[in-house]
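Okay, here's what each chain looks like letter by letter:
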Amino acid sequence: MPAETHVQQDPLNREAIVEIVRGLLADILGIEPGEISEGQSFIEDLGAASMELIELVDKMEQEFAERSVGFRIADEDLEDLKTVRDAVDYVVDRVSGSN
Amino acid sequence: MLPIALDSLGGDRAPGEILAGAHQAALEGIPVILVGPAGLEGCGDLPLIEANEFIDMDEDAAQSVRHKKDSTLVRAAEAVRDGKASAMVSAGNTGATMASALLRMGRMKGVKRPAIATAIPVPGSTPTILLDSGANAEVQPEWLVQFAQMGSVYAAHRFGIANPRVGLLSIGEEPTKGSPLVKETHKLLTVAKGINFIGNVEGRDVMTDIVDVVVTDGFTGNVLLKALEGSMRTLINALLEAFSSTPEYQALADALLPALLPLYEKFDPETYGGAMLLGVDGVCIISHGSSSSRAILNALRVGKDLVDSGFVEALRASVAPPA
């Protein structure tokens, strides 16, 4: 990323990442963030359809690419992301303190 | 108005029929911008947004949109998002069209789930809007209420229907009939504000003048749509066969032709250009995969009418969450 367009941001802690993921998911599913807990599965508990999950992945990539240049969720990893916690842990591993 | 972005490679008969439809539209004064590969033959003097990848009809919708960022579908949706086009039209992969529109144009604020709205012809009257005709296989009662709301705005803008009558597809008129989903939705629609709910309707009512908007889940809606299309095709083929079975019948049929042709045109899906993806932040028209130049021309006409009538703004106001 060119230096002039890079905005330095503080590293995200796990709690902040949880809030961001819940916010994105709530926006997509049309529910309140407070209705979403880490242990819930996207499909069985939250009723997300495949298109919503791809929307989530797309929004997470946009959101976290600002924090970690080139952040991307690999296709081969997608099937392992079954719960909100899975998604948060995935981001934590790649974004927290990586700036 | 800004031009309408047309996916030049989408459809079984692309690019030939697609480009032919674009040129006919341009002759009518509808601004069109093609989306296709550099050096696409047959563009003439129409402008082109370069897109050098193509999403095939049988490709996985979400994955292809994720990976083929230079595809005609993705570039067309980006053109609307970026203010280079006022609408997009594609006869390509339906799922990928939906995914492109959703991911690039975005979902309208307040929309729970986008839905596909299809115009079903009604003899002697305005068409019935059927939604959802394929976007959401499983739905919740609140989503169906919003489909009713969006379908009403669409019916008003597309066909000039004031206070459209909304019916809930079920297996009987009584509120006690139907699945738990239908019964719960009936309760919500009965008290919903701004929706002219007339109660349950049955499959046989869809092609009649008793209802303007029919709401159902995307699985049922798609089954109904395909059943209607198949029935119409079978009926027309059977009639044509009967008409040509003897010289006498053929002569009588020829005499009836002036009465039959307008009916045929009314029942031809190409007359309506395509289905509309409601709930994304812009006009997105999904045309049939087998679209001819006539279908594309009609889709572009519909796109222009919707843009000119301020449909997106009206829909946005209708679904906006309370401040």
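Because the structure is predicted, anything quoted here is derived from the model rather than measured. (Residues numbered from 1 in each chain as written. Chains lettered and ligands numbered in written order. Predicted model: local features only at pLDDT ≥ 70, side-chain atom pairs only at ≥ 80, totals over all residues. Heavy atoms only, no water.)

1. Thoughts on the interface of chain B and chain A
1) Next: On the chain A side, the residues contacting the 15 residues of chain B number 16 residues.
2) Next: Summed over both partners, the interface of chain B with chain A buries about 1,300 Å², with 46% contributed by carbon and sulfur atoms.
3) Next: Three residues, R66(B), L103(B) and R113(B), lead the burial of chain B against chain A; their summed loss comes to 44% of the area buried on that side.
4) Next: Counting across the chain B and chain A interface gives five salt bridges. (Contact = heavy atoms within 4.5 Å. Buried area = accessible area lost by both parts, 1.4 Å probe. Salt bridge = Lys/Arg side-chain N within 4 Å of Asp/Glu carboxyl O.)

2. Considerations on the UniProt feature "domain: Carrier" (unreviewed entry) in chain A
1) Next: UniProt annotation of "domain: Carrier" (unreviewed entry) refers to residues 15–95 of chain A when read in the numbering used here.
2) Next: Across residues 15–95 of chain A one finds 58% helix and 0% strand; the C-alpha atoms that close the span lie 13 Å apart. (UniProt positions renumbered as here; feature names shortened; annotations may be inferred. Helix = DSSP H or I, 4+ residues; strand = E, 2+ residues; numbered from the N terminus.)

3. Quick look at a nonpolar patch on the surface
1) Next: A contiguous nonpolar patch, built from L257(B), L261(B) and Y264(B) and spanning about 300 Å² of accessible area, is present on the exposed surface.
2) Next: Inspection of the secondary structure assignment puts Y264(B) in helix α8 (residues 247–267). (Patch = residues over 30% accessible without salt bridge, like charges linked within 9 Å, V, L, I, M, F, W, Y side chains within 5 Å. Areas by Shrake-Rupley, 256 points an atom, 1.4 Å probe, with all protein chains shown as cover.)

4. Looking at the domain arrangement of chain B
Residues and elements named next belong to chain B.
1) Next: Under the domain assignment used here, chain B contains domain 1 (1–111 + 279–323) and domain 2 (119–270).
2) Next: Each of domain 1 and domain 2 was reduced to a C-alpha centroid, and the two centroids are 25 Å apart.
3) Next: Summing both sides of the interface, domain 1 and domain 2 together bury roughly 1,300 Å²; the carbon and sulfur share of this comes to 56%.
4) Next: The three residues of domain 1 that bury the most area against domain 2 are R294, F311 and S318, which together make up 31% of that side's buried surface.
5) Next: We note a salt bridge from D268 to R294, for which the minimum N-O separation is 2.8 Å.
6) Next: One can count six residue pairs in polar contact (both at pLDDT 80 or more) joining domain 1 with domain 2. (Domains from an automatic or database assignment. Polar contact = N/O pair within 3.5 Å; in protein donor to acceptor, adjacent residues only side chain to side chain.)

5. So, the packing of helix α1 (residues 14–29) of chain A against helix α4 (residues 84–95) of chain A
Residues and elements named next belong to chain A.
1) Next: For the pair α1 and α4, the least separation of the axes is 10 Å and the interaxial angle reads 130°. Here α1 lies oblique to α4, going by the angle between them. For the element pair α1 and α4, the recorded crossing hand is right-handed. Only V84, R85, V88, D89, V91 and V92 of α4 make contact with α1, whose side of the interface consists of R14, I17, V18, V21 and L25.
2) Next: Here the residues of the contact of α1 with α4 are counted per class, giving eight nonpolar, no polar and three charged. (Axes fitted to C-alpha atoms, helices over the stretch in contact; angles between N-to-C directions. Parallel < 35°, antiparallel > 145°, perpendicular 65-115°, else oblique. Left-handed = near helix turned anticlockwise from the far one by under 90°. Nonpolar A, V, L, I, M, F, W, Y, C, P; charged D, E, K, R; others polar.)

6. Observations regarding the confidence of the model for chain B
Low-pLDDT portions of the prediction should not be read for the details of their coordinates.
1) Next: This prediction gives chain B a mean pLDDT of 94; 100% of its residues lie at or above 70.
2) Next: Scoring the predicted complex yields pTM 0.88 and, for the interface, ipTM 0.70. (pLDDT = per-residue confidence, 0-100.)

7. Side note on the side chain of R66(B)
1) Next: Within the secondary structure, R66(B) is located in helix α2 (residues 61–67).
2) Next: Reaching out from R66(B), the side chain makes a polar contact with the side chain of D75(A) at a distance of 3.1 Å.
3) Next: Leave out the neighbours within four places in its chain, and R66(B) touches I54(A), V57(A), E61(A), R72(A), I73(A), A74(A), D75(A) and L78(A).

8. Considering the environment of T176(B)
1) Next: In this fold, T176(B) is placed in the loop between β7 (165–169) and α6 (180–191).
2) Next: Placed 84 residues apart in sequence, T176(B) and G92(B) show a C-alpha to C-alpha distance of 41 Å.

9. Description of the pattern of salt bridges
All names here are of chain B.
1) Next: Scanning all chains against the criterion turns up 25 salt bridges over all chains.
2) Next: The shortest N-O distance in the salt bridge between E78 and R75 comes to 2.9 Å. Residue E78 and its partner R75 are both found in helix α3 (residues 72–81); the two are separated by three residues, about one turn of the helix.
3) Next: With relative accessibility at 12%, the residue E78 sits in the buried group.
4) Next: In this structure, D209 and R165 form a salt bridge, with 3.3 Å as the shortest nitrogen-oxygen distance. Taken together, the residues D209 in the loop between β8 (196–201) and β9 (213–215) and R165 in strand β7 connect sequence positions 44 residues apart.
5) Next: Note on R165: relative accessible area 24%, which makes it partly exposed. (Buried < 20%, exposed > 50% of the residue type's maximum accessible area, 1.4 Å probe, protein only.)

10. Topic: helix α9 (residues 293–308) of chain B
Residue and element names in this part refer to chain B.
1) Next: The terminal C-alpha atoms of α9, which comprises 16 residues, lie 22 Å apart, in line with the 22 Å expected from a rise of 1.5 Å per residue.
2) Next: Three or more residues of α9 are buried, namely S293, A295, I296, L297, N298, A299, L300, V302, G303 and L306.
3) Next: G310 lies just past α9 and shows a positive phi near 70°. (Expected span 1.5 Å × (residues − 1).)

11. Here's the deal with the packing of helix α2 (residues 50–65) of chain A against helix α4 (residues 94–105) of chain B
1) Next: Look at α2(A) against α4(B): their axes get within 10 Å of each other, and the N-to-C directions meet at 40°. Accordingly, the angle class assigned to the pair α2(A) and α4(B) is oblique. Seen along the crossing, α2(A) lies across α4(B) with a hand that is right-handed. Touching M51(A), I54(A), E55(A) and D58(A) of α2(A) are G95(B), M98(B), A99(B), L102(B), L103(B) and R104(B), all from α4(B).
2) Next: Its residues assigned to classes, the contact of α2(A) with α4(B) comprises six nonpolar, one polar and three charged.

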